[in-house]
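Descriptive structure summary
What follows is each chain in one-letter form.
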Amino acid sequence: MRGSEARSVSGASIRIAGLAKQYGSVTAVDDVNIEIASGEFLALLGPSGSGKTTVLMSVAGFEYPSRGRILVDGDDVTNTPVNRRNLGMVFQKYTLFPHMSVADNVAFPLKMRGIAKAERHARAEAALATVRLAGYGARMPSQLSGGQQQRVALARAIVYQPRVLLMDEPLSALDKNLREEMQLEIKRLHSELGITVVFVTHDQSEALTMADRVAVLKDGRLRQIGPAKELYERPANLFTAGFIGEMNFLPFRMVSRADTIVVEGASGPAWQLPLEAAVDDLQPGQPGLLAIRPERIALAASSGDENTVRAEIKDIVYAGAALLIIARLPDGSEIRARVPGASDLRGLKVGDVADLHCPPEAVLLYAEGPR
Ligand SMILES: Nc1ncnc2c1ncn2[C@@H]1O[C@H](COP(=O)(O)OP(=O)(O)OP(=O)(O)O)[C@@H](O)[C@H]1O
Ligand SMILES: [Mg+2]
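In this text the structure is predicted, and so the values were computed from the model without any measurement.

Quick look at the side chain of Arg 293
For Arg 293, the position within the fold is in the loop between β14 (287–292) and β15 (298–299). Of the side chains with opposite charge, Glu 295 comes closest to the buried, unpaired Arg 293, at an N-O distance of 4.9 Å. From its side chain, Arg 293 meets the backbone oxygen of Tyr 232 in a polar contact 2.9 Å long. Here the side chain of Arg 293 touches Glu 246 through a polar contact of 2.9 Å, landing on its backbone oxygen. Residue contacts for Arg 293: discarding those within four places in its chain leaves Leu 231, Tyr 232, Pro 235, Ala 241, Ile 244, Gly 245, Glu 246, Met 247 and Asn 248.

Take a look at the structure:
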């Protein structure tokens, strides 16, 4: 139970309050408010240029906000220099000193803090063991693989037992297998050390697998924050719906809204949907976009089924565990369905017309508008 004891002492809470950052006329971050609990693992997710690094650097102290405050464990650190915030950092590129041994690299932050040599080396060795590199201390960074170098960077970030670990795309330089291995490694470290982690990524599946909560940024603004499941199952807006996972968007018009919602779309008869389907506040007569995940769509048992669309199959792609069916609706728009790889397609082939069933509870409705 060492892990849970550590959790209660070492992770700091972070409050990002009204953070804004201007570079001349460029607004990099615009009024971002996030509360991160002690020991939480938060991912900052967003497309390139959305402000992720700027938020992280403001927490670290490398950037000074144009407006807003940063609080760590309730203390306002907005004016506190980087080296006095006691936060660990890991960057995208391995930033090891090439002329220093692995052990000296890891011990470096301790040297900067004036800790004696014997203790430095004992603590560096312990940190290396934590990232599963015990015995590698005498090597030079050039004698390590990319994944091992990034582990050394991680050891160096945790060696002085920071209250928070800030990571900016630390795995993006690694290949897929190594990246997945390191994702698990970082998660293990997080639960073992109990420290608060803020992890920047533009890879949505990485954010969903690793984090307790995900904050979605776009154009410097926070668009949604919540647990992975919530973001995936009920995106709060069109941007998140399109950015996280795969999503089909079909145009529709709302016919009525009473005990249920009735919508009509590009093809087939009107659909009845539960009231909860409407994410945005849509009114009868209004057009919108109906969203449904490809894996929620199934081949209809018979053509008389409710909530189906008729679509012409353009392609069937075998993707191991799943089959991807790409089809075209009468209005020309595309719809994708993912069905289990072992599914019986009942002889369907490219060029055939299929009835695709969209279960009402899997449908979300958004107003049309900018994403
Ligand atoms: N020093 C700077 N001077 C001017 N503009 C900047 C500066 N740093 C960042 N920006 C701008 O601020 C915005 C946010 O940049 P930021 O680096 O935070 O994005 P990001 O989400 O980390 O992107 P990426 O995924 O590409 O790393 C971008 O439009 C960027 O061009
Ligand atoms: Mg960045």
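Details of the nonpolar core
Counting residues in hydrophobic clusters, the biggest one holds 43 residues, and the most contacted among them are Leu 154 and Leu 165. Broken down by element, this core gets its largest block of residues, six residues, from helix α5 (residues 146–158). Excluding residues within four positions of it along the chain, Leu 165 makes contact with Gly 88, Met 89, Val 90, Leu 154, Ala 157, Ile 158, Ile 195, Thr 196, Val 197 and Val 198. Within the second largest apolar cluster, 31 residues are counted, among which are Phe 252, Ile 297, Val 309 and Ala 362.

Section: the sheet that holds strand β12 (residues 261–265)
The sheet built from five strands is open, its strands ordered β13-β12-β11-β14-β20 with antiparallel pairing. Where the open sheet ends on each side, the last strands, each with one partner, are β13 (271–273) and β20 (364–367). Strand-to-strand twist in this sheet, taken as the mean axis angle between neighbours without regard to direction, amounts to 45°. Relative to β13, β12 runs antiparallel, the two being bridged by three bridges.

Let's talk about the packing of α5 against helix α6 (residues 176–193)
Across the interface, α5 lies against α6 with an axial gap of 11 Å and an inter-helix angle of 20°. As the angle between them shows, α5 and α6 are arranged roughly parallel. The interaxial crossing formed by α5 with α6 has right-handed handedness. Residues Gly 147, Gln 150, Arg 151, Leu 154 and Ile 158 of α5 touch α6, and the partners they reach there are Leu 178, Glu 181, Met 182, Glu 185, Ile 186, Leu 189 and Leu 193. Of the residues contributing to the contact of α5 with α6, the split by class is seven nonpolar, two polar and three charged.

Some words on the pairing of strand β1 (residues 14–23)
For β1, the tally of buried residues reaches seven of 10 residues, placing the bulk of the element in the interior. Sheet topology places β1 next to strand β4 (residues 67–72); five bridges connect them, and they run antiparallel. Pairing of Ala 17 across the sheet is with Arg 69, part of β4. Looking at chain direction, β1 and strand β2 (residues 26–36) are connected through seven bridges and run antiparallel. Along β2, the bridge assignment pairs Gln 22 with Thr 27.

Some words on the sheet that holds strand β8 (residues 196–201)
With mixed pairing, the six strands of this open sheet are ordered in space as β6-β7-β8-β3-β9-β10. Edge strands, defined here as strands with exactly one partner in the open sheet, are β6 (87–90) and β10 (221–227). Strand-to-strand twist in this sheet, taken as the mean axis angle between neighbours without regard to direction, amounts to 15°.

Considering the packing of aromatic side chains
Applying the stated criterion across every chain, the model contains four aromatic pairs. The lysine or arginine in question, Arg 156, covers the ring of Phe 97, its NZ or CZ lying 5.6 Å from the ring centre. A cation over a ring is seen here: Arg 293 above Tyr 232, with NZ or CZ 3.8 Å from the ring centre.

Reading the values: the criteria
- Residues numbered from 1 in each chain as written.
- Chains lettered and ligands numbered in written order.
- Predicted model: local features only at pLDDT ≥ 70, side-chain atom pairs only at ≥ 80, totals over all residues.
- Heavy atoms only, no water.
- Helix = DSSP H or I, 4+ residues; strand = E, 2+ residues; numbered from the N terminus.
- Buried < 20%, exposed > 50% of the residue type's maximum accessible area, 1.4 Å probe, protein only.
- Lys, Arg positive; Asp, Glu negative; His and termini not counted.
- Salt bridge = Lys/Arg side-chain N within 4 Å of Asp/Glu carboxyl O.
- Polar contact = N/O pair within 3.5 Å; in protein donor to acceptor, adjacent residues only side chain to side chain.
- Contact = heavy atoms within 4.5 Å.
- Core = buried A, V, L, I, M, F, W, Y, C linked by side-chain atoms within 4.5 Å.
- Pairing = 2+ DSSP bridges.
- Axes fitted to C-alpha atoms, helices over the stretch in contact; angles between N-to-C directions.
- Parallel < 35°, antiparallel > 145°, perpendicular 65-115°, else oblique.
- Left-handed = near helix turned anticlockwise from the far one by under 90°.
- Nonpolar A, V, L, I, M, F, W, Y, C, P; charged D, E, K, R; others polar.
- Phe/Tyr/Trp six-rings, centres within 6.5 Å; stacked < 30°, edge-to-face > 60°.
- Lys NZ or Arg CZ within 6 Å of the ring centre and 35° of its normal.

No statement about biological role is implied by the geometric values presented.
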